Amino acid sequence: MSRDETRLPIYTLNIPGVPVYIVNSLEILQRVDRHIDTLPFAPMKAQTCKKVCSVSQAGISKIYGNNLLAQDGYLYSHQRASAHAGAPGSSLNSLSRSASRVFAATFDRIESQGRTTVDLYDFIRQATFDATSDAMYGPHNPFRIAENLKDWAVFESGLPLMFIGLFPNILARRACQARERLVSAFIDYFGQNKHLDGGSLFVQLTQKVNDSTGLSLEDKARIEVGQVAAATFNTAPGAYWCVWQVLSDPVVFKDCREEVMRLVDEVDGFHTIDLARMRTECPLLVSTLQEVMRFYGTATSLRLIYEDTMLGDEYLLKKGGAVLMPNSMFHTDETLWGPTVHEFDHTRFLRTGQRKSNTKHPAAAFRGFGGGHVLCPGRHLASTEMLALMALVLVRVDVIPPGGKWPATRTGQSAGRALPLPKERVLVDFIPRAAGKWRVVFSDENNSGVNLVAEDIDSTKS
Ligand code: HEM
């Protein structure tokens, strides 16, 4: 049943014993967001520690503490540490610089091979995974070891079953075994303090919270496996649809390539591109990224109901139930986005006068990275990675689809993801463009983030 069928802002699913409320309207969602203590997100994180990471009972007791929702408890302290490390500033710049180095090396490799055929999703998945894990863990990144990368792929394939928690040791046996080997890899990483030698502020700060909570080395390693999942699970499909859209849509392709080419300078015989400039000098590229997240986004926020909660004086949410808030509802609401809501419009997020649409949507209608008290701390890093991949694909290679024609866009399954996987794999040819050497940098020129969510847009105004 959808919003268009029910025309209701919120409705209850008839599941015996567990009231499940589906929120269809942005206004109701914003009311839910205000009830931090009775409709919290923290229990979802605690469940992830249990079900996905298999943290020990002693560790779970420490995570819960006296009160799972205490502001100075583990979960909120961990959230604050991540938010601080992922916010615009020198920490984010160094994460982005590290990710850019990995992308640059990936394209250097392609260039050295000449015309190369790649599976587009595999290429993007690997590039974003290598970039994110190197940015997070530095020179001792456990995923520079091929065996750990293989284990990750097996573990990732079992994640949806682990989240559901239905006999994972039987139904996702290989994934559970792979997780245990990954836990060993992180025991080695943290046990030898490798994070202190070039690991990111993200990892340093969250480890401090783990240490002050008294978690064992093994539990710290288990939680980190969950962190890797949060940091990589959505960036790959997000980057895929961004690259797909700029390559397969001729208008988007022309506009974005022209814009990004303006960032390429000739310096000492090198084609030089400073990816830090994308954030402020490529509004079309940024608008395309945001439209991809609106148009393809499949994230659904889930909150557990701790106490009976009134939303205004109209709707009662009963203790013990759950609230589901599917982004696709808010992202396809014509009253928010106007009559072109079902079209892909890469100019939608530009300023008035520069975009095609006459409708000015409210900034809070974009929920690609969550909102309110559950805002993705990795949003600036993930956005920078997605922009960087679009930019480098546009300036460094020509991409030829199978038979010279882009197939129709077909999205596949999205179990638990904020964006869907592609339905089928597409093999493309990469042909290096400009002859000569490339220098890809990420300067400290400015400290801006990629401001897509209402909270960031508001904070840049003040
Ligand atoms: C395209 C990539 C990404 C997308 C689309 C995405 C999306 C989201 C969304 C929608 C939420 C809110 C969930 C809810 O309301 O229930 C969220 C939360 C979260 N994300 Fe991301 N994310 C991405 C990348 C990342 C990265 C790179 C990191 C870490 C470096 C990260 C770490 C987290 C964490 C830890 C939370 C929980 C926040 C909290 O505790 O309050 N994500 N993400």
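Residues numbered from 1 in each chain as written. Predicted model: local features only at pLDDT ≥ 70, side-chain atom pairs only at ≥ 80, totals over all residues.

1. Let's talk about the overall build of the chain
Along its length, the chain carries 20 helices and 14 strands. Radius of gyration (C-alpha) of the chain: 22 Å, near the 23 Å computed for a compact globule of 462 residues. For the chain, the spread of C-alpha atoms along the principal axes amounts to about 65 × 55 × 45 Å. Looking at the chain residue by residue over its 462 residues, the buried ones come to 42%. For the chain, the proportion of contacts with a sequence separation of at least 24, taken over those separated by at least 6, is 75%. (Helix = DSSP H or I, 4+ residues; strand = E, 2+ residues; numbered from the N terminus. Rg over C-alpha atoms; globule rule 2.2 N^0.38 Å. Buried ≥ 20, exposed ≤ 12 C-beta atoms within 10 Å, placed from the backbone. Contact = placed C-beta atoms within 7 Å.)

2. Here we look at the sheet that holds strand 14 (residues 437-441)
By way of backbone hydrogen bonds, the strands of a sheet pair with one another, either parallel or antiparallel. One open sheet accounts for three strands, arranged 4-5-14; its pairing is mixed. The outermost strands of the open sheet, each flanked by one partner alone, are strand 4 (264-267) and strand 14. The average undirected angle you get between the axes of adjacent strands in this sheet is 30°. Two elements, strand 5 (residues 270-274) and strand 14, share five bridges in a ladder whose sense is parallel. Across the sheet, the residue bridging to Thr272 is Arg439, located in strand 14. (Pairing = 2+ DSSP bridges. Axes fitted to C-alpha atoms, helices over the stretch in contact; angles between N-to-C directions.)

3. Considerations on the site of the ligand
Residues in contact with the ligand amount to 22 residues; listed here are only the nearest, Gly238, Ser301, Gly370, Cys376 and Gly378. Going through the elements one at a time, helix 5 (74-86), helix 12 (217-232), helix 13 (235-248) and helix 19 (379-396) are the ones with two or more residues in the shell around the ligand. Its residues placed into classes, the shell around the ligand shows eleven nonpolar, ten polar and one charged. (Near = placed C-beta within 6 Å. Nonpolar A, V, L, I, M, F, W, Y, C, P; charged D, E, K, R; others polar.)

4. Observations concerning the pairing of strand 13 (residues 427-432)
Where strand 3 (residues 116-119) and strand 13 come together, four bridges link them in antiparallel fashion. When the sheet's bridge partners are listed, Asp119 is paired in strand 13 with Leu427. Pairing analysis gives four bridges linking strand 12 (residues 397-400) to strand 13, with the strands arranged antiparallel. Bridge pairing in strand 13 links Asp398 to Ile431.

5. Quick notes on the UniProt feature "binding site: heme" (unreviewed entry) in the chain
What UniProt calls "binding site: heme" (unreviewed entry) maps, in this numbering, to Cys376. With respect to the helices and strands, the residue Cys376 is situated in the loop between strand 11 (374-375) and helix 19. Assessed through the 22 C-beta atoms surrounding it within 10 Å, Cys376 is described here as buried. (UniProt positions renumbered as here; feature names shortened; annotations may be inferred.)

6. Concerning the nonpolar core
In this structure, Phe103, Val243, Leu389 and Met390 are the most contacted members of the largest nonpolar core, which totals 96 residues. When near neighbours in sequence (up to four residues on either side) are disregarded, Met390 contacts Cys242, Val243, Val246, Cys256 and Leu285. Ranked by size, the runner-up nonpolar core spans 17 residues in total, among them Ile28, Ile305, Leu317 and Ala364. (Core = buried A, V, L, I, M, F, W, Y, C linked by C-beta atoms within 7 Å.)

7. Quick look at the sheet that holds strand 1 (residues 10-13)
Judged by pairing direction, the sheet is mixed, and its four strands sit side by side in the order 1-2-9-6 without closing on themselves. A strand with exactly one partner marks an edge of an open sheet, and here the two such strands are strand 1 and strand 6 (300-304). Neighbour-to-neighbour, the strand axes of this sheet turn through a mean angle of 25°, independent of strand direction. Of the pairings in the sheet, the one linking strand 6 to strand 9 (residues 322-326) comprises five bridges and is antiparallel in character. Bridging from a neighbouring strand, Leu302 pairs with Leu324 of strand 9.

8. Thoughts on the environment of Ser248
With respect to the element layout, Ser248 can be found in helix 13. On a C-alpha basis, the gap between Ser248 and Ala299 in space is 24 Å, while along the polypeptide they are 51 residues apart. Excluding anything up to four places from it in sequence, Ser248 contacts Trp406 and Thr409.

9. Observations concerning the confidence of the model for the chain
The pLDDT averaged across the chain works out to 94; a share of 98% of its residues lies at or above 70. As a predicted assembly, this complex carries a pTM of 0.96 together with an ipTM value of 0.98. (pLDDT = per-residue confidence, 0-100.)

10. As for helix 7 (residues 120-137)
Spanning 18 residues, helix 7 covers 26 Å between terminal C-alpha atoms, matching the ideal 26 Å at 1.5 Å per step. A positive backbone phi angle near 70° is found at Gly138, which sits one or two residues after helix 7. (Expected span 1.5 Å × (residues − 1).)

11. Some thoughts on the environment of Leu217
Following the sequence through the fold, Leu217 ends up in helix 12. A tally of 13 C-beta atoms within 10 Å means that Leu217 is categorised as partly exposed. Here the alpha-carbon distance between Leu217 and Ile187, two residues 30 residues apart in the chain, equals 6.3 Å.

12. Quick word on the packing of helix 13 against helix 14 (residues 250-261)
Packing of helix 13 against helix 14 brings their axes to within 5 Å, and their N-to-C directions diverge by 100°. Between helix 13 and helix 14, the crossing angle belongs to the class labelled roughly perpendicular. Together, Gln245, Val246 and Leu247 of helix 13 and Val252, Phe253 and Cys256 of helix 14 make up the contact between the two elements. Of the residues belonging to the contact of helix 13 with helix 14, the class tally is five nonpolar, one polar and no charged. (Parallel < 35°, antiparallel > 145°, perpendicular 65-115°, else oblique.)

13. Things to note about the pairing of strand 5
When strand 4 meets strand 5, the two strands line up antiparallel, connected through four bridges. Among the inter-strand pairings, Asp265 is bridged to a residue of strand 5, identified as Thr272. In this structure, the hairpin formed by strand 4 and strand 5 is closed by a connection of two residues, where Asp268 is found at a positive phi of approximately 50°.

14. Some thoughts on helix 8 (residues 146-164)
Compared with an ideal rise of 1.5 Å per residue, which puts 19 residues at 27 Å, helix 8 spans 29 Å between its outermost C-alpha atoms and is within 8% of the ideal. The principal kink in helix 8, of about 45°, is found at Gly158, preceding the proline Pro160 by one to four residues. Every buried residue of helix 8 is accounted for by Asp151, Trp152, Phe155, Gly158, Leu159 and Met162. Buried-residue contacts for helix 8 involve helix 3 (42-51), helix 9 (168-171), helix 10 (173-191) and helix 12. Count one or two residues on from helix 8 and you reach Gly165, which has phi positive near 80°. (Bend = angle between axes of the 7 residues up to and from the residue.)

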